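Residue strings, one per chain:
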Amino acid sequence: MAAELFSTSLPHGEDEEEEETKKNFVQLSEPEESAERNTVGIDDGDDDDDDDDDERLSWQGAHPTLRERYMYSDEVELDADTVLATLYAAKKYIVPAVAKACVGFLETSLEAKNACVLLSQSRLFEEAELTERCWEVIDAQAELALRSEGFCEIDRPTLEIVLQRETLNIREAAVFQAALSWAAAECRRQGLAVTPRNQRTVLGKALYLLRVPSMSLQEFADGPAQSEVLTLAETHNIFLWYTATNKPQLDFPVGKRVGLAPQRCHRFQASAYRSNQWRYRGRCDSIQFAVDRRIFMAGLGLYGSSGGKAEYSVRIELKRQGTLLAQNLTKFLSDGSSSTFPVWFEHPVQVEQDTFYTVSAVLDGNELSYFGQEGMTEVQCGKVTFQFQCSSDSTNGTGVQGGQIPELIFYC
């Protein structure tokens, strides 16, 4: 679902809020005043405002369904164009059932393209669970999230929190470019020309959250050094920081982000070679898996040559019900040991719970290879339980009990 569907704009002004709310989202009936008083239990006496507020809150807390609150039905129809404003109305009028439905809708719609927008809104609405889910997506799929149009729509405080994030799984050069894109959008919002000087101005102190010195020298020279957003003195000092023995003090953080540590699910209890003459023949090795909680698939661990060092060309794929979700065509070098060798997808892919996915690998190189034995149908890996079953795509003998694709590499 595209990021732009989740607009960050909300109603402004009391009259506009109530009119918009009544029209689009929360249709309230209009009982007579006396009936409402009897139902709600408000005395005819002159209670003060504080007592009225407390009584109203108590009444709403005691009537959790929508029907009990004079709404036409307990069915809530939501769509991407209205869900955020509906959540705003539900919060304003203290209707937790509607708010819960909105948050559930947003969680199921969450993906890298809208994660930053939803992070901004979840912070505004103080929805801690939704905020945590947004961070899971942003951390694991940071490059996709920060390159999205939605990232350019977030407010400045959210921008600063993202730029401070230690666990972003992304190169710093890409973070720098994302910050410039946000600054360009902010210039347009403020009616300013998009120039390096104005971009620097609208970034303000957020500029100094970018870990520019953690880039490689080549990345710095090709990017920030030519952006004209940095001053000449800053550019000069950063070049000295890379090359000089006596390094200057910098206003930018110099340490790299910690990022996310990939986890590995190993599905075999033993490996072997030569005895069965297992070979890579350009055929497909494939296996199906399911997990009991949402993860992000990052790549596969593969066996290499059992006859010494060898280079392989490999194509890996991830599918769901026949639909291709991710692939990569690359190479890796094996050292002749029984170790596994990581091969990565271009970007981590969100994998939902309780659904079978298919991973496959086609290798071209030294035919004789190691292979796995004593495979397990279920593997507990940290907080995630994996289940495995054979894949009809496998044409090279790989299955649950033995074969190739010994490891799944993921973030959680």
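Conventions used here
- Residues numbered from 1 in each chain as written.
- Predicted model: local features only at pLDDT ≥ 70, side-chain atom pairs only at ≥ 80, totals over all residues.
- Heavy atoms only, no water.
- Pairing = 2+ DSSP bridges.
- Helix = DSSP H or I, 4+ residues; strand = E, 2+ residues; numbered from the N terminus.
- Axes fitted to C-alpha atoms, helices over the stretch in contact; angles between N-to-C directions.
- Polar contact = N/O pair within 3.5 Å; in protein donor to acceptor, adjacent residues only side chain to side chain.
- Contact = heavy atoms within 4.5 Å.
- Buried < 20%, exposed > 50% of the residue type's maximum accessible area, 1.4 Å probe, protein only.
- Phe/Tyr/Trp six-rings, centres within 6.5 Å; stacked < 30°, edge-to-face > 60°.
- Lys NZ or Arg CZ within 6 Å of the ring centre and 35° of its normal.
- Core = buried A, V, L, I, M, F, W, Y, C linked by side-chain atoms within 4.5 Å.
- pLDDT = per-residue confidence, 0-100.
- Arc of directions from axis to C-beta.
- Parallel < 35°, antiparallel > 145°, perpendicular 65-115°, else oblique.
- Nonpolar A, V, L, I, M, F, W, Y, C, P; charged D, E, K, R; others polar.

So, about the sheet that holds strand β4 (residues 295–303). As summarised here, the arrangement of the 4 strands in space is β1-β12-β4-β7, forming an open sheet in which the pairing is antiparallel. Looking along the sheet, the strands with just one partner apiece sit at the ends: β1 (263–266) and β7 (340–351). Looking at each pair of strands side by side, their axes are set apart by 25° on average, direction ignored.

Before going further, it helps to spend a moment on the side chain of Arg211. Note on placement: Arg211 falls in the loop between α11 (196–203) and α12 (217–222). Side chain to side chain, Arg211 and Glu166 meet in a polar contact 3.0 Å long. With residues near it in sequence (within four places) discarded, Arg211 still touches Gln164, Glu166, Glu172, Pro253, Gly255, Lys256 and Arg257.

This part covers helix α4 (residues 83–92). Counting buried residues along α4, 8 of its 10 residues qualify, which places the element largely inside the surrounding structure. Among all positions of α4, only Val83, Leu84, Ala85, Thr86, Leu87, Tyr88, Ala89 and Ala90 are buried. Backbone geometry just downstream of α4 places Ile94 in the positive-phi region, at approximately 55°.

The antiparallel open sheet is built from 6 strands, whose spatial order is β6-β5-β8-β3-β11-β10. The outermost strands of the open sheet, each flanked by one partner alone, are β6 (323–334) and β10 (378–381). Within this sheet the neighbouring strands show an average axis-to-axis angle of 25°, counted without direction. The pairing of strand β3 (residues 284–291) with strand β8 (residues 357–364) spans 6 bridges and is classified as antiparallel. Its bridge partner being in β8, Gln288 is matched across the sheet by Thr358.

A word on the packing of aromatic side chains. By the definition in use, this model includes 11 aromatic pairs. When the centroid spacing of 5.0 Å and the interplanar angle of 40° are considered together, the rings of Tyr208 and Phe252 count as tilted. With a gap of 44 residues between them, Tyr208 in the loop between α11 and α12 and Phe252 in the loop between α14 (232–243) and β1 connect regions that are remote in the sequence. Joined through ring pairs, the aromatic side chains of Phe289, Tyr357, Phe386, Phe388 and Phe410 make up one cluster. When the ring centre of Trp135 is taken as reference, the NZ or CZ atom of Arg165 above it lies at 4.0 Å. Sitting over the face of the ring of Trp241, Lys247 holds its NZ or CZ atom 5.3 Å from the ring centroid.

Moving on, we get to the nonpolar core. Among the nonpolar cores identified, the biggest contains 62 residues, and Ile138, Leu146 and Phe151 are the most heavily contacted of them. For this core, the leading source of residues is helix α10 (residues 172–189), giving 10 residues. Not counting residues within four places of it along the chain, the set of residues in contact with Leu146 comprises Cys116, Ile138, Phe151, Val162, Ile170, Val175 and Ala178. If you look at the next biggest cluster of nonpolar residues, it comprises 37 residues, including Val291, Leu318, Phe332 and Val400.

By the secondary structure assignment, Ala183 is in helix α10. Judged by relative accessible area, Ala183 falls into the buried class, the value being 0%. Ala183 sits 18 residues away from Thr201 along the chain, and the two C-alpha atoms are 8.6 Å apart. Sequence-distant contacts of Ala183, defined by excluding residues within four places in its chain, comprise Gln199, Val202 and Leu203.

In the predicted model, the protein chain carries a mean pLDDT of 85, and the fraction of residues at 70 or more is 81%. Taken as a whole, residues 1–5 scores under 50 in pLDDT and shows 15 contacts with residues more than four places along the chain or in a different chain. Every residue in residues 7–45 scores below 50 in pLDDT, and together they form 49 contacts with partners more than four places removed in sequence or on other chains.

Taken together, the buried positions of α11 are Gln199, Val202 and Leu203. Here the buried residues of α11 occupy an arc of 105° about the axis, which is enough to place them on one side. The exposed residues of α11 that point more than 90 degrees off its buried face are Arg197 and Thr201. At its buried positions, α11 is contacted by α9 (156–164) and α10. Positive phi shows up at Gly204, right after α11, with a value of about 60°.

Turning our attention to the packing of α10 against α11. Where α10 meets α11, the axes come as close as 9 Å, and the angle between the chain directions of the two elements is 95°. When the axes of α10 and α11 are compared, the pair comes out roughly perpendicular. Along its contact with α10, which presents Ala179, Leu180, Trp182, Ala183, Ala184, Glu186 and Cys187, the element α11 presents Asn198, Gln199, Val202 and Leu203. Residues of the contact of α10 with α11, tallied by class, amount to 8 nonpolar, 2 polar and 1 charged.

Inspection of the secondary structure puts Ala221 in helix α12. Separated by 14 residues in sequence, Ala221 and Thr235 have C-alpha atoms that sit 9.3 Å apart. The contacts of Ala221, once residues within four sequence positions are left out, are Gln226 and Phe239.

Let us now look at unusual backbone geometry. The phi dihedral of Glu374 falls on the positive side, at around 55°, and the residue is not glycine. Not every positive phi belongs to a glycine, and Ile405 is a case in point at roughly 50°. Topologically, Ile405 is positioned in the loop between β11 (384–390) and β12 (407–411). Residue classification places Ile405 among the buried residues on the basis of a relative accessible area of 0%.

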